[in-house]
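Below, each chain spelled out in residue letters.
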Number of protein chains: 2
Amino acid sequence: MKPPITPALVVRRAAMEANLAAMQAACTGAGDAGGVRLRAHGKMHKCSTLGRLQIEMGAVGLCCQTVGEAETYVHAGIGDVLVTAPVPPWGWARLAALAGRTRVGAVMDSAAQAQQGGTAALAAGVVLDAYVDVDPGMGRAGVAPADVAALAASIVAQQGLRYAGIQAYCGHHQHLPPAQRAAAHADWTVRLAALVAQLQAAGLAPEQVTGGGTGTAALDLAAGVYTEIQPGSYAVMDVEYGDLGDLPFAPALFVAASVVSANHASHVTIDAGHKALHPNGPASRVVLPPGSAYRPAGDEHGAIIPPNGASEGDLVWLQQGHVDPTIALHDALFVADEDGNLERWPIDARRASL
Amino acid sequence: MKPPITPALVVRRAAMEANLAAMQAACTGAGDAGGVRLRAHGKMHKCSTLGRLQIEMGAVGLCCQTVGEAETYVHAGIGDVLVTAPVPPWGWARLAALAGRTRVGAVMDSAAQAQQGGTAALAAGVVLDAYVDVDPGMGRAGVAPADVAALAASIVAQQGLRYAGIQAYCGHHQHLPPAQRAAAHADWTVRLAALVAQLQAAGLAPEQVTGGGTGTAALDLAAGVYTEIQPGSYAVMDVEYGDLGDLPFAPALFVAASVVSANHASHVTIDAGHKALHPNGPASRVVLPPGSAYRPAGDEHGAIIPPNGASEGDLVWLQQGHVDPTIALHDALFVADEDGNLERWPIDARRASL
């Protein structure tokens, strides 16, 4: 298959759909078959076409990491969004405007946020679902488990908010090797279950306990505490998750680049650099030609070392180390069927406030 | 000043305009006052509003690093563009279509590209300006000086191409400390002058000798060989160029982010991570609060360490290590006048083929 432009993100549709089906089946079959809700994370793909497919296949809605993502998804017809990171001050009125159209939730990690969110919702005549963001030891955002009940009470006190539960996202567990990951997860599960029991005792039982990601999904589903999980990367995978070796998802997203210069024996130059392949995470891996390595060579170029037969005008194929920030650099996913036909899916949430 | 969303790129208009004026004055006053052409590099800002301002102030046109940038700029009314990197196979027909509207040039580093470009231009009934891309020892693209005359002859043989000269971009000199930079530049200038003399003797005198960047601009202008220079970063600057210490341009672009979480004594969390602050180049520098450092904390978040008084809801200001790939992550520049009024300039060339 040959995308119309390069560099281009190309998705193998069959592999992606198999990944979506596998995660949905795992969720449906969990919770002693009562099921655990799948709320796929839209921050990974920023693509409402892919988000709608996840929902058609059984997801209850999408997670968003930014207000801009929530706006894009709601305007694209997605009916239930949850903003999974604390909202900046300017964001509350915009979320309240969205909540006039569909169910909108947001996590909070301070009483000030509860007050701002509640005030904005009240002014707009809507109700926002509010979740206490629990810090499971990542140190990025969230409140310590000991402070969750107090913040839940602040949320309950806000007329514009509906207390919907708690979020606990263990980002620091996602990429651990299997045995360490299971141990860290088991330890955290005990603490999370204790927190839920404490909230129940205080009359603040969480309707939803949401969290989890691609790396811990199997553990999250088996834990018996989460009512909803939030994985993102499973849909297309990347080098970082693939190399864990224990996840039942296939690589489905590749970057196609053109060889634009071939005047050296040591390497050829492709039209993909810092602006097309985000350097966060493991290095981009060259899939074709096999046996070559990729090295960035500026904002718009990279070197394929050695060329291994790649010559001027050829396509080179790579897999990304960490898929999320690379997708955020592009305009579209080119989704390929088994015959190599391509469909263009806009990365439409790549806009506004990132 | 307070941008309507965060993270946001905010440009101090006075500082930017002073940078544009300083570079234009240096170009106008060079070449023993016959002037050296300024063709500002549009890959840095990807913003046609800023590009038009550069042309209003005296630039002859814009450089582009991609076909997509050239398309955006021409459709936005910019009248003379040069693609400064070898064009992938799919790009020639698109450039030829643009050349029906305005002057379009492209560099080439192989006879195959000359053939493809010439064929596309002929088919479209246009003429493309063609430049031989010379590799001054960067090893990224371009032909060795010894091979320039042969490629120039291939260009001359193509009916759809007009042989317009040569390009020599010394990217590997731009960030050297002042003394090393001057020495490397002097060495290269001798070789470049010899190449030009050789081409003249062969009846292939280059009308234009184009190249150079922000780091070497003063040297390029004094060298007496370049007829046109291609700087980009001078317009807004970044940490990498500012820290060289010898460039007469002021920092004019800053990133504003919101503190969204403040539950730790060690740091506060802002809404700017890998997707808002590209990690290439030196680390992002915290301007406000003074004395703090920035550390990425995921795709959408970062930590300000220590908080130094920043609290939830506050704006934090940063300067970027390497400005080009960070601008390419955003939708707009918010251009601030001295009263703090903001104008939104779309980063409209952030699209299509990057």
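This one's a predicted model, so the numbers in the text were calculated from it and none came from an experiment.

Undergrad: Please explain the interface of chain B and chain A as it appears in this structure.
TA: Think of interface size as the accessible area that goes away when the parts come together; that is how it is often given. Taken residue by residue, the interface counts 59 residues in chain B and 59 residues in chain A. Regarding the contact of chain B and chain A, the summed buried area is about 4,400 Å², with carbon and sulfur atoms giving 52% of it. With a shortest N-O distance of 2.7 Å, Lys 43 of chain A and Asp 299 of chain B are connected by a salt bridge. At the junction of chain B and chain A, the tally comes to 33 residue pairs in polar contact (both at pLDDT 80 or more). At the level of secondary structure, the elements contributing two or more residues to the side of chain B that touches chain A comprise α6 (111-124), β10 (253-261) and α11 (323-327) of chain B. Take the side of chain B that touches chain A: its biggest share by element is three residues, from β10 of chain B.

Undergrad: I keep staring at the pairing of strand β7 (residues 161-168) of chain A and nothing clicks. Help me out?
TA: All names here are of chain A. Counted residue by residue, β7 has seven buried out of eight residues, so it is predominantly covered. Relative to β7, strand β6 (residues 128-134) runs parallel, the two being bridged by seven bridges. By the bridge assignment for β7, Leu 128 is matched with Leu 161. Following the chain from β6 across helix α7 (residues 148-156) to the adjacent parallel β7, one finds a crossover that is right-handed. Taken together, the four bridges between β7 and strand β8 (residues 208-211) define a ladder with parallel strand orientation. Each residue of the ladder has a partner; that of Gly 165, found in β8, is Gln 208. With helix α8 (residues 178-201) bridging β7 and its parallel neighbour β8, the resulting β-α-β unit is right-handed.

Undergrad: Looking at this model, I keep getting lost on the sheet that holds strand β4 (residues 80-83) of chain B. Mind explaining?
TA: What holds strands together in a sheet is hydrogen bonding between their backbones, with the strands either parallel or antiparallel. Residue and element names in this part refer to chain B. Ordered by their spatial adjacency, eight strands build a closed barrel running β2-β3-β4-β5-β6-β7-β8-β9, and the pairing between neighbours is parallel. Summarising the sheet, strand β2 (residues 37-41) and strand β9 (residues 228-229) pair through two bridges and their orientation is parallel. What sits directly across from Leu 38, in β9, is Ile 229. Along the sheet face, helix α7 (residues 148-156) touches β5 (103-108), β6 (128-134) and β7 (161-168) and points at about 170° away from the line of β6.

Undergrad: In this structure, what is going on with the packing of helix α1 (residues 13-28) of chain A against helix α3 (residues 48-56) of chain A? I would like to understand it.
TA: Axes are the key here: two packed helices are described by the angle between their axes and the distance separating the axes. All names here are of chain A. Remark: α1 packs on α3, axes separated minimally by 10 Å, with the N-to-C direction vectors making an angle of 40°. Considering their axes alone, α1 and α3 lie oblique with respect to each other. Regarding α1 and α3, the two cross each other, and that crossing is right-handed. In this structure, α1 contributes Met 16, Glu 17, Leu 20 and Gln 24 to the contact, and α3 contributes Leu 50, Leu 53 and Gln 54. Partitioned by chemical class, the residues of the contact of α1 with α3 number four nonpolar, two polar and one charged.

Undergrad: I'm lost on the environment of Arg 94 of chain A in this one. Help?
TA: Relative to the helices and strands, Arg 94 of chain A is located in helix α5 (residues 91-99). In this structure the C-alpha to C-alpha distance between Arg 94 of chain A and Ala 121 of chain A, which are 27 residues apart in sequence, comes to 9.7 Å. Setting aside its immediate chain neighbours within four residues, Arg 94 of chain A contacts Val 67 and Glu 71 of chain A together with Ile 5 of chain B.

Undergrad: Looking at this model, I keep getting lost on the pattern of salt bridges. Mind explaining?
TA: Pairs may arise between side chains of opposite charge once their charged atoms sit close together. Counted under the stated rule, the structure contains 36 salt bridges over all chains. Of the charged contacts, one joins Arg 13 of chain A and Glu 17 of chain A as a salt bridge, the two residues approaching to 3.6 Å between their closest N and O atoms. Highlighted residues: Arg 13 of chain A and Glu 17 of chain A, both in helix α1, separated by four residues, approximately one helical turn. On the accessibility criterion, Arg 13 of chain A (21% relative accessible area) is partly exposed. Of the charged contacts in the structure, one is a salt bridge between Glu 228 of chain B and Arg 37 of chain B, with a shortest N-O distance of 2.8 Å. Of the two residues, Glu 228 of chain B is situated in strand β9 and Arg 37 of chain B in strand β2; the sequence distance between them amounts to 191 residues. Within this structure, Lys 43 and Asp 324 of chain A together with Lys 275, Asp 299 and Glu 300 of chain B form a network of salt bridges that share partners.

Undergrad: I'm lost on the layout of surface pockets in this one. Help?
TA: Space left empty within the atom packing is revealed by a probe, the size of a water molecule, rolled over the atoms. Volume-wise, the largest pocket comes out at about 830 Å³. Lining the largest pocket we find 46 residues, and of these Gly 298 of chain A together with Met 138, Arg 140, Tyr 169 and Gly 171 of chain B sit closest to its centre. Residue assignment for the lining of the largest pocket shows that the elements contributing at least two residues are β13 (293-296) and β14 (302-305) of chain A together with α2 (42-45), β6 and α10 (239-242) of chain B. For the lining of the largest pocket, the residue count by class is 13 nonpolar, 23 polar and ten charged.

Undergrad: Before we go on, may I ask you to explain unusual backbone geometry in this structure?
TA: A negative phi angle is the norm for most residues apart from glycine, just as the trans form is the norm for most peptide bonds. Omega for the bond connecting Leu 288 of chain A with Pro 289 of chain A falls within 30 degrees of zero, at 5°, which places this linkage in the cis form. Along the chain, Pro 289 of chain A turns up in the loop between β12 (285-288) and β13. Note the cis peptide between Ile 305 of chain A and Pro 306 of chain A, where omega equals -15°. Counting through the fold element by element, Pro 306 of chain A comes out in the loop between β14 and β15 (315-319). One non-glycine residue with positive phi stands out, namely Lys 46 of chain B, at about 50°. Summarising the element assignment, Lys 46 of chain B is placed in the loop between α2 and α3 (48-56).

Undergrad: I would appreciate a short explanation of α3 of chain A in the present structure.
TA: In an α-helix, one full turn covers 3.6 residues, which means residues spaced three or four apart are oriented alike. Every buried residue of α3 of chain A is accounted for by Ser 48, Leu 50, Gly 51, Leu 53 and Gln 54 of chain A. Downstream of α3 of chain A by a residue or two, Gly 58 of chain A has a phi angle that is positive, lying close to 130°.

Undergrad: What is the right way to read the confidence of the model for chain A from this model?
TA: In regions of low pLDDT, the predicted coordinates are not meant to be interpreted in detail. Averaged over chain A, the pLDDT score is 96; the fraction of residues at 70 or greater is 99%. Confidence estimates for the predicted assembly give a pTM of 0.96 and an ipTM of 0.96.

Undergrad: Please clarify how the state of the cysteines should be interpreted in this entry.
TA: By definition, a disulfide links two cysteine residues through a covalent bond between their sulfur atoms. By the definition in use, this model includes zero disulfides over all chains. In this structure Cys 27 of chain A is a free cysteine whose sulfur lies 11 Å from that of Cys 63 of chain A, the closest cysteine sulfur available. Here Cys 47 of chain B is not disulfide-linked; the sulfur of Cys 64 of chain B is the nearest cysteine sulfur, at 13 Å.

Undergrad: Even after reading the chapter, I still don't get the relation of the copies chain B and chain A, so can you show me in this structure?
TA: Each copy of the chain is related to the other by a rotation around an axis and a translation along that axis. For these two chains of identical sequence, chain B goes onto chain A by a turn of 180° and a shift of 0.0 Å along the axis, with RMSD 0.0 Å. As the rotation angle and translation indicate, the two copies are arranged about a two-fold axis. Closest approach to the rotation axis within chain B is made by the C-alpha atom of Leu 329 of chain B, at a distance of 3.2 Å. Here 100% of the contact residues of chain B are again contact residues in chain A; the copies associate through an equivalent surface.

Undergrad: Help me understand the pairing of strand β1 (residues 8-12) of chain B in this model?
TA: In summary, the side chains of a regular strand alternate between the two faces of the sheet. Residues and elements named next belong to chain B. In terms of burial, β1 is largely enclosed, as four of its five residues are buried. Note that β1 and β10 share four bridges and pair antiparallel. Bridging from a neighbouring strand, Val 10 pairs with Phe 254 of β10. The pairing of β1 with strand β16 (residues 332-336) spans four bridges and is classified as parallel. Looking at β16, one finds that Leu 9 is bridged to Leu 333.

Thresholds, definitions, all that
Residues numbered from 1 in each chain as written. Chains lettered and ligands numbered in written order. Predicted model: local features only at pLDDT ≥ 70, side-chain atom pairs only at ≥ 80, totals over all residues. Heavy atoms only, no water. Contact = heavy atoms within 4.5 Å. Buried area = accessible area lost by both parts, 1.4 Å probe. Salt bridge = Lys/Arg side-chain N within 4 Å of Asp/Glu carboxyl O. Polar contact = N/O pair within 3.5 Å; in protein donor to acceptor, adjacent residues only side chain to side chain. Helix = DSSP H or I, 4+ residues; strand = E, 2+ residues; numbered from the N terminus. Buried < 20%, exposed > 50% of the residue type's maximum accessible area, 1.4 Å probe, protein only. Pairing = 2+ DSSP bridges. Right-handed = clockwise from strand over helix to strand, strands pointing away. Axes fitted to C-alpha atoms, helices over the stretch in contact; angles between N-to-C directions. Parallel < 35°, antiparallel > 145°, perpendicular 65-115°, else oblique. Left-handed = near helix turned anticlockwise from the far one by under 90°. Nonpolar A, V, L, I, M, F, W, Y, C, P; charged D, E, K, R; others polar. 1 Å grid on protein atoms, 1.4 Å probe; cavity = no way out; pocket = protein on both sides within 12 Å on 5 of 7 lines; lining within 4 Å. Points joined across faces, edges and corners; volume = space filled by probe spheres on them. pLDDT = per-residue confidence, 0-100. Disulfide = S-S within 2.5 Å. Least-squares fit on C-alpha atoms with pLDDT ≥ 70 in both.

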